[in-house]
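Fold and contact review
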Amino acid sequence: MNCKFIKKMVSFIFLLLMIIGCSNNPYKWESTQIAINNSYKLQTGDIIIKDKLITDPISWLGHSSVMISDTHIGDFPMPGSDYYTISVRAWLNEPNRKVIVLRYSQFNQQFKEAFLKNVEKYGHGKYRTSFFKNNDTDFYCSKFVWFLFSKTAQDLGYNLDLDSNKGPIIFPYDFLNSKNLKQVIL
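For clarity, every value in this text was computed on a predicted model and none was experimentally measured. (Residues numbered from 1 in each chain as written. Predicted model: local features only at pLDDT ≥ 70, side-chain atom pairs only at ≥ 80, totals over all residues. Heavy atoms only, no water.)

A word on the overall build of the chain
The number of helices and strands found in the chain is five helices and seven strands. Counted from the first residue to the last, the chain has its helices and strands arranged as α-β-α-β-β-β-β-α-β-α-α-β. Across the chain, contacts joining residues at least 24 apart in sequence account for 66% of those joining residues at least 6 apart. Taken as a whole, the chain presents about 10,200 Å² of accessible surface, with 58% of it coming from carbon and sulfur. (Helix = DSSP H or I, 4+ residues; strand = E, 2+ residues; numbered from the N terminus. Contact = heavy atoms within 4.5 Å. Areas by Shrake-Rupley, 256 points an atom, 1.4 Å probe, with all protein chains shown as cover.)

Regarding the pattern of salt bridges
A complete count under the given rule lists seven salt bridges for this structure. Residue Lys151 pairs with Asp155 through a salt bridge whose shortest N-O separation is 2.7 Å. With Lys151 and Asp155 both in helix α5 (residues 141-155) and four residues apart, the pair spans about one turn of that helix. Residue classification places Lys151 among the buried positions, given a relative accessible area of 19%. Looking at Asp155, the relative accessible area reads 40%, which means it is partly exposed. Salt bridges sharing common partners tie together Lys50, Asp51, Glu94 and Arg97. (Salt bridge = Lys/Arg side-chain N within 4 Å of Asp/Glu carboxyl O. Buried < 20%, exposed > 50% of the residue type's maximum accessible area, 1.4 Å probe, protein only.)

Examining the packing of aromatic side chains
A complete count under the given rule lists 17 aromatic pairs for this structure. Among the aromatic residues, those joined into a cluster by ring pairs are Phe76, Tyr83, Tyr122, Phe139, Phe144 and Phe147. The ring of Trp91 has Lys50 sitting right over it, with the charged end atom 4.0 Å from the ring centre. Positioned above the aromatic ring of Phe139, the side-chain terminus of Lys143 is 5.1 Å from the ring centre. (Phe/Tyr/Trp six-rings, centres within 6.5 Å; stacked < 30°, edge-to-face > 60°. Lys NZ or Arg CZ within 6 Å of the ring centre and 35° of its normal.)

A closer look at the nonpolar core
With 33 residues, the main nonpolar core has Ile47, Val66, Leu102, Phe149 and Phe175 as its most contacted residues. Going through the elements one at a time, β2 (47-50), β6 (98-104), α4 (109-122) and α5 are the ones with two or more residues in this core. Once you skip the residues sitting within four places of it in the chain, Leu102 turns out to touch Tyr27, Asp46, Ile47, Ile49, Phe175, Leu176, Leu181, Lys182, Gln183 and Val184. Membership of the second largest hydrophobic core comes to 14 residues, among which are Ala35, Ile48, Val101 and Val184. (Core = buried A, V, L, I, M, F, W, Y, C linked by side-chain atoms within 4.5 Å.)

Describing α5
The end-to-end C-alpha distance of α5 is 21 Å, a good match for the 21 Å that 15 residues give at a rise of 1.5 Å each. Phi turns positive one or two residues past the end of α5, at Gly157, with a value near 95°. (Expected span 1.5 Å × (residues − 1).)

So, unusual backbone geometry
Here the phi dihedral of Lys166 falls at roughly 55°; this positive angle occurs in a residue that is not glycine. With respect to the helices, strands and loops of the structure, Lys166 is situated in the loop between α5 and β7 (181-183).

Concerning the side chain of Glu30
Structurally, the position occupied by Glu30 is in strand β1 (residues 30-31). Under the relative-accessibility criterion, Glu30 is labelled buried at 7%. Those residues in contact with Glu30 that lie beyond four places of it in its chain are Arg97, Lys98, Val99 and Leu186.

Some thoughts on the packing of α4 against α5
Running from amino to carboxyl end, α4 crosses α5 at an angle of 125°, the nearest separation of the two axes being 9 Å. Judged on the interaxial angle alone, α5 and α4 are oblique. The handedness of the crossing between α4 and α5 comes out as right-handed. Counting all contacts with α4, which are made through Phe111, Ala114, Phe115, Asn118, Val119 and Tyr122, the residues of α5 involved are Phe144, Phe147, Leu148, Phe149, Lys151, Thr152, Ala153 and Asp155. Among the residues making up the contact of α4 with α5, the classes are represented as 10 nonpolar, two polar and two charged. (Axes fitted to C-alpha atoms, helices over the stretch in contact; angles between N-to-C directions. Parallel < 35°, antiparallel > 145°, perpendicular 65-115°, else oblique. Left-handed = near helix turned anticlockwise from the far one by under 90°. Nonpolar A, V, L, I, M, F, W, Y, C, P; charged D, E, K, R; others polar.)

Laid out in structure tokens, this is it:
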């Protein structure tokens, strides 16, 4: 076979998997309206994953963010944008989207205090893609979430990796198969 053809097929299959590939997960997607109506159940440290929209190519890799208080999200929204905080109700205000909310079961008061110190220390700057997960200066949505949990656990003396496939890049859907996260039923 032609080498060029094989490269094109591999690229096409990779792109197809990135676009339509969803994790095999036991979670139930909830509408953003249900999440807004039940936002009182959300807690600092909860991870929210938005579904992919076929009409929005930027969403094809997914989107995730983390609760930095019981009412606000910390987010790196898209390339070229700065980190910002926003109320969870405003962030979820997309009627045609669905979400999954995940919670780290060991998120106790000690973890919360260290986590919030890391949010303060690392929650800044512009969205930048980096292939090195441990780099503490370049963040995109899911890497910021992953890094906060990993760094906080490290600060407390243990290892935590919420990336279910342990790849060099952490995508929002990689959180879905993490054995350390459980769905928050809204």
